[in-house]
Amino acid sequence: MTRIAYLDCFSGVSGDMLLGALIDTGWPLERLQSVVTALKLEGVTVQAEAVSKHHLAGTQVSILAPDAQPLRHPADLIALIEHADLSESIRIRAIDVIMTLAKAEARVHGVPVESIHFHEVGAVDTLVDIVGTIAGLEDLGVDRIVSAPLPWSHGTIRIAHGFFPVPPPAVAALVEGVPVVGVDVEGEMVTPTGAALVTRLADAFGLMPPMTTARIGYGAGTREWPDRPNLLRLVLGEQATNAATETLTVLACNLDDMVPEWYGPLIESALHASALDIWLTPVHMKKGRPAVVVEVLCKPQDALKLRTLLFRQTTTLGIRESTVTRWALPRQSRTVTTIYGEVRVKEASLEDGTRKFAPEHDDCAARAAAHGVSVREVWIAAVQAAEQS
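Residues numbered from 1 in each chain as written. Predicted model: local features only at pLDDT ≥ 70, side-chain atom pairs only at ≥ 80, totals over all residues. Heavy atoms only, no water.

Enquirer: Tell me about the overall build of the protein, residues and numbers included.
Expert: What the protein contains, in helices and strands, is 11 helices and 18 strands. Once the C-alpha set of the protein is aligned to its principal axes, its extents read approximately 70 × 55 × 40 Å. For the protein, contacts bridging at least 24 residues in sequence account for 69% of all contacts bridging at least 6. When the accessible area of the protein is evaluated, it comes to approximately 18,900 Å², of which 54% is carbon and sulfur surface. Each charge class in the protein was averaged separately, 33 positive and 46 negative side chains, and the resulting centres sit 5 Å apart. (Helix = DSSP H or I, 4+ residues; strand = E, 2+ residues; numbered from the N terminus. Contact = heavy atoms within 4.5 Å. Areas by Shrake-Rupley, 256 points an atom, 1.4 Å probe, with all protein chains shown as cover. Lys, Arg positive; Asp, Glu negative; His and termini not counted. Charge placed at Lys NZ, Arg CZ, Asp CG, Glu CD.)

Quick look at the structure:
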């Protein structure tokens, strides 16, 4: 079974809404407080209360902190996370979200990341929202996160630097490459912390995937909207098949005038830029011209930078973009020992318990060269070793 969390962002998303939704689904408030304690935030406590938004019940989480807080830069928040008594997976993901948020702020302000600072009490809220959300999802055993498109509201908001458009510039930067939908609401519906969490944690965006729902929780925001409850709906459920679906993007272009030697560097650059895969297909175009179709598979949030890469590193003047659904078996990577040495192997499981193995080609090629045998022999030895372990 695959445990799925679906984020129904019909009224937006923020860090406190995510925490509230987690508490509303049954995650203990005491566990959130233990996260705060692990971060060694002196005098900081959390509380949760039942609220009603447009006659729909939910949970509102508040983070209470002393007014006297030090000015904190990204490095300060990362240091608190690194020294906290948390699982390694929570620390890694939390630091990733912190850096994503800091880079977005640095980009829109045109300054180095090192000079970004989080306003005094706001830094505590940001840290607890991020680490708490990640800890809650891990405690609830969530394997995969799918989010609805994020709402793009309008209007202006007053921040420390004056009046800015909604969504705020940092949010606009964070949701580049992510599905959004315009809504006729004046005011901030997606906060920078909420945007950073969703864009970094969500495996896919779109409609709710097929699953059996188990628990539903509502996390409340602080604003009041005239036409809708300011709540985030979190749906937890199980996917019967162990193959998970994910929504991905395919970028494609036809090239009939590109130097063949350029394709190798293009493939390396695309993979380095987070492409999940890239492939070339020979075709014949109009007037009998031979050509190559370049196709890149990527996550929606990475489409922008990969489109830019294709325009810069190929001769194309146009790129086609389409959305696809991929079914992927859960897999894990481990190292097996063969008579030729150690080889990394990916292992996946089917619903009937059958296991599939895929030895890493680079390891097989290296072991084969070292022992003067074929890659095939090393590959077979690695599969046999994996089956016996």
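From this point, the narrative continues.
Enquirer: Describe in detail the pattern of salt bridges, supporting the description with residues and values.
Expert: For the structure on display, the rule yields 16 salt bridges. A salt bridge links R326 to E246; the nearest nitrogen and oxygen atoms lie 2.7 Å apart. Linking R326 in strand 15 (residues 320-328) with E246 in strand 12 (residues 244-255), this pair joins segments that are 80 residues apart in sequence. With relative accessibility at 31%, the residue R326 sits in the partly exposed group. In this structure, E360 and K346 form a salt bridge, with 4.0 Å as the shortest nitrogen-oxygen distance. Of the two residues, E360 is situated in the loop between strand 18 (355-359) and helix 10 (361-371) and K346 in strand 17 (residues 341-349); the sequence distance between them amounts to 14 residues. Assessed through its relative accessible area of 23%, E360 is described here as partly exposed. (Salt bridge = Lys/Arg side-chain N within 4 Å of Asp/Glu carboxyl O. Buried < 20%, exposed > 50% of the residue type's maximum accessible area, 1.4 Å probe, protein only.)

Enquirer: Help me get a handle on the nonpolar core, residues and values and all.
Expert: In this structure, L39, V128 and V131 are the most contacted members of the largest nonpolar core, which totals 63 residues. With 9 residues, the single largest contributor to this core is helix 5 (residues 120-139). If near-sequence neighbours (up to four positions away) are discounted, L39 is found in contact with L80, I81, A84, L86, L127 and V131. One finds L251, M258, L266 and A275 within the second-largest nonpolar core, a separate group that totals 19 residues. (Core = buried A, V, L, I, M, F, W, Y, C linked by side-chain atoms within 4.5 Å.)

Enquirer: Could you give an account of the sheet that holds strand 18, with specific residues and numbers?
Expert: If you walk across this open sheet you meet the 3 strands as 16-17-18, and the pairing is antiparallel. This sheet does not close on itself; its edge strands, each paired only once, are strand 16 (331-338) and strand 18. Averaged over all pairs of adjacent strands, the angle between strand axes in this sheet comes to 35°, irrespective of strand direction. Judged from the 8 bridges that link them, strand 16 and strand 17 form a sheet pairing that is antiparallel. By the bridge assignment for strand 17, T338 is matched with G341. The strands that helix 10 touches are strand 17 and strand 18; relative to strand 17, the one it contacts most, it runs at about 155°. On top of the sheet, helix 11 (residues 375-388) reaches strand 16, strand 17 and strand 18; it is set at about 140° to strand 18, its chief contact. (Pairing = 2+ DSSP bridges. Axes fitted to C-alpha atoms, helices over the stretch in contact; angles between N-to-C directions.)

Enquirer: Give a description of the side chain of R228 that names residues and reports values.
Expert: Structurally, R228 can be placed in the loop between strand 10 (212-220) and strand 11 (231-239). Other than its neighbours up to four places away in sequence, R228 contacts F10, S11, H54, V183, V185 and M189.

Enquirer: Provide a residue-level description of the confidence of the model for the protein, including the pertinent values.
Expert: On average, the protein scores 92 in pLDDT, and the residues at 70 or more come to 97%. Across the protein, helix 1 (residues 15-24) holds the top mean pLDDT of 98, while strand 6 (residues 156-159) sits lowest at 83. (pLDDT = per-residue confidence, 0-100.)

Enquirer: Would you mind going over helix 10 in detail, with residue names and values included?
Expert: Those residues of helix 10 lying buried are D363, C364 and A368. Buried residues in helix 10, looked at end-on, bunch into an arc of 130°, giving them a common side. The exposed residues of helix 10 that point more than 90 degrees off its buried face are D362, A369 and A370. Check the buried side of helix 10 and you find it contacts strand 17, strand 18 and helix 11. Just downstream of helix 10 lies G372, where phi reads positive at about 65°. (Arc of directions from axis to C-beta.)

Enquirer: Please provide a residue-by-residue account of the packing of helix 4 (residues 88-109) against helix 7 (residues 192-201), values included.
Expert: Taken N-terminus to C-terminus, the directions of helix 4 and helix 7 make an angle of 125°; their axes are 9 Å apart at the nearest point. As far as their axial angle goes, helix 7 and helix 4 are oblique. As for how helix 4 packs across helix 7, the hand of that crossing is right-handed. In contact with R93, D96, V97, T100, L101 and E105 of helix 4, helix 7 contributes P192, T193, A196, L197, R200 and L201. Of the residues that constitute the contact of helix 4 with helix 7, the class distribution is 6 nonpolar, 2 polar and 4 charged. (Parallel < 35°, antiparallel > 145°, perpendicular 65-115°, else oblique. Left-handed = near helix turned anticlockwise from the far one by under 90°. Nonpolar A, V, L, I, M, F, W, Y, C, P; charged D, E, K, R; others polar.)

Enquirer: Talk me through the packing of helix 8 (residues 263-272) against helix 9 (residues 303-313); I want residue IDs and the actual numbers.
Expert: Contact pair helix 8 / helix 9: the axes reach a minimum separation of 10 Å and the direction vectors enclose 165°. As judged from the angle between their axes, helix 8 and helix 9 are roughly antiparallel. In this structure, the crossing between helix 8 and helix 9 has a hand that is right-handed. Packed against helix 8, whose contacting residues are P265, L266, S269 and A270, the element helix 9 presents L306, L309, L310 and Q313 at the interface.

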